[in-house]
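Breakdown of the fold
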Amino acid sequence: SEHDRLSKRPSKSSSKRSSSTLSHELDRIPLLNIFSGLDRQRLLQELTETHYGKNEYIFREGDPTEYFHIVKEGTVKCVKSTPDGKECTLKMLMPGDLFCCDAATFNGGCHPGTAQPMGDVSILRMSKKAYFDMLRRHPEAALEVIKYLGNRLTEAQEKNKVLALDRADQRLAALLVDLATRSGVKDPNGIRLTVRLTRQDMANMVGITTETTIRIMSRFIRERLVSGTAKRLIVRDLLRLKTLATA
């Protein structure tokens with residue numbers, strides 16, 4: 001059935017990664033880059049690479065928080081479902097991003113959202129037990145964890161402010177600026193986004209309707225702020241989008 005297809009355990013291909021392959025990747029991953037030397041080697045031994053495809057799930061809302069996850073290749077979206085079945089995209093995760101529903105992982109709760117690949121992805125994961133054992137051996141590293149969680153809280157507060165106070169076009173402009181900064185590549189016409197987002201995806205991420213998103217994106221195209229389609233979206237004028245986002 002359709003429900004069974006979406007609810008099946010993802011088909012995974014897991015393998016331990018060599019230290020030479022992953023060591024440099026830890027330098028850009030929060031909560032992992034605070035370790036070095038022998039401790040880093042121990043972390044590398046705990047990392048497992050897992051592959052997922054579109055329509056599979058890395059974890060679901062309500063699942064126990066057993067692992068830290070890191071995007072190695074591809075893009076993942078974290079979504080929250082409402083009782084009436086609607087979805088709100090909480091964040092878009094790209095290579096190098098660590099995701100684990102941080103507070104839930106540390107306090108032993110369940111995942112408050114669902115992590116779903118937006119295509120073929122490669123995910124590194126490590127059990128939280130292995131990580132906590134490392135923290136117990138190095139209490140000074142716990143200070144870095146506190147800083148990291150504080151930054152994530154600040155980000156969440158800023159997003160709440162945007163959703164509460166900013167106009168719909170400001171929210172959409174801010175999203176495009178963020179995506180261009182994080183995943184954009186140079187293009188003769190501007191900055192091409194490497195993440196493929198439908199208008200529905202954009203609407204979910206900024207808390208507006210799909211119809212409103214379509215109307216605003218059409219305006220952005222007329223004003224030559226962006227061009228292209230969901231499969232190949234180009235930010236033509238990043239500076240003007242930044243100005244609009246903060247107006």
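Each value, and the rule that gives it
Residues numbered from 1 in each chain as written. Predicted model: local features only at pLDDT ≥ 70, side-chain atom pairs only at ≥ 80, totals over all residues. Heavy atoms only, no water. Helix = DSSP H or I, 4+ residues; strand = E, 2+ residues; numbered from the N terminus. Buried < 20%, exposed > 50% of the residue type's maximum accessible area, 1.4 Å probe, protein only. Contact = heavy atoms within 4.5 Å. Areas by Shrake-Rupley, 256 points an atom, 1.4 Å probe, with all protein chains shown as cover. Axes fitted to C-alpha atoms, helices over the stretch in contact; angles between N-to-C directions. Parallel < 35°, antiparallel > 145°, perpendicular 65-115°, else oblique. Nonpolar A, V, L, I, M, F, W, Y, C, P; charged D, E, K, R; others polar. Salt bridge = Lys/Arg side-chain N within 4 Å of Asp/Glu carboxyl O. Phe/Tyr/Trp six-rings, centres within 6.5 Å; stacked < 30°, edge-to-face > 60°.

1. Digging into the overall build of the protein
In terms of helices and strands, the protein carries 10 helices and 12 strands. The proportion of buried residues among the 247 residues of the protein is 43%. Contacts in the protein between residues far apart in sequence, at least 24 positions, make up 72% of those at least 6 positions apart. Accessible surface for the protein amounts to roughly 13,000 Å². Of this, 53% is attributable to carbon and sulfur atoms.

2. Focus on the packing of helix H7 (residues 168-183) against helix H8 (residues 199-206)
If you want to describe how two helices pack, look at the angle between their axes and the distance between the axes. Look at H7 against H8: their axes get within 10 Å of each other, and the N-to-C directions meet at 110°. In terms of orientation, H7 and H8 fall into the roughly perpendicular class. Contact with H7, carried on its side by Arg-171, Leu-172, Leu-175 and Leu-176, involves Met-202, Met-205 and Val-206 of H8 and no other residues of that element. Each residue belonging to the contact of H7 with H8 can be placed in one class, and the counts come to six nonpolar, no polar and one charged.

3. A short note on the pattern of salt bridges
The tally for this structure, following the rule as stated, stands at 12 salt bridges. Three or more residues joined by partner-sharing salt bridges are found here, namely Arg-167, Asp-169, Arg-219 and Glu-223.

4. A closer look at the packing of aromatic side chains
For the coordinates displayed, the defined rule picks out three aromatic pairs. With 6.0 Å between their ring centres and 35° between their planes, Phe-59 and Phe-99 make a pair best called tilted. Linking Phe-59 in the loop between strand S2 (48-52) and strand S3 (67-73) with Phe-99 in strand S6 (residues 98-99), this pair joins segments that are 40 residues apart in sequence. Side by side, Phe-59 and Phe-99 carry an identical accessibility label, which is buried. For the ring pair Phe-68 and Phe-132, a centre distance of 6.5 Å and an interplane angle of 85° mean the geometry is edge-to-face. Here Phe-68 is found in strand S3, whereas its partner Phe-132 is found in helix H5 (residues 128-137), with 64 residues between them in sequence.

5. Thoughts on unusual backbone geometry
At Asn-55, a position not held by glycine, the phi torsion is positive, near 75°. Note that Asn-55 resides in the loop between S2 and S3. With a phi close to 60°, Arg-224 is a non-glycine residue in the positive phi region. Counting through the fold element by element, Arg-224 comes out in the loop between helix H9 (210-222) and strand S11 (226-228).

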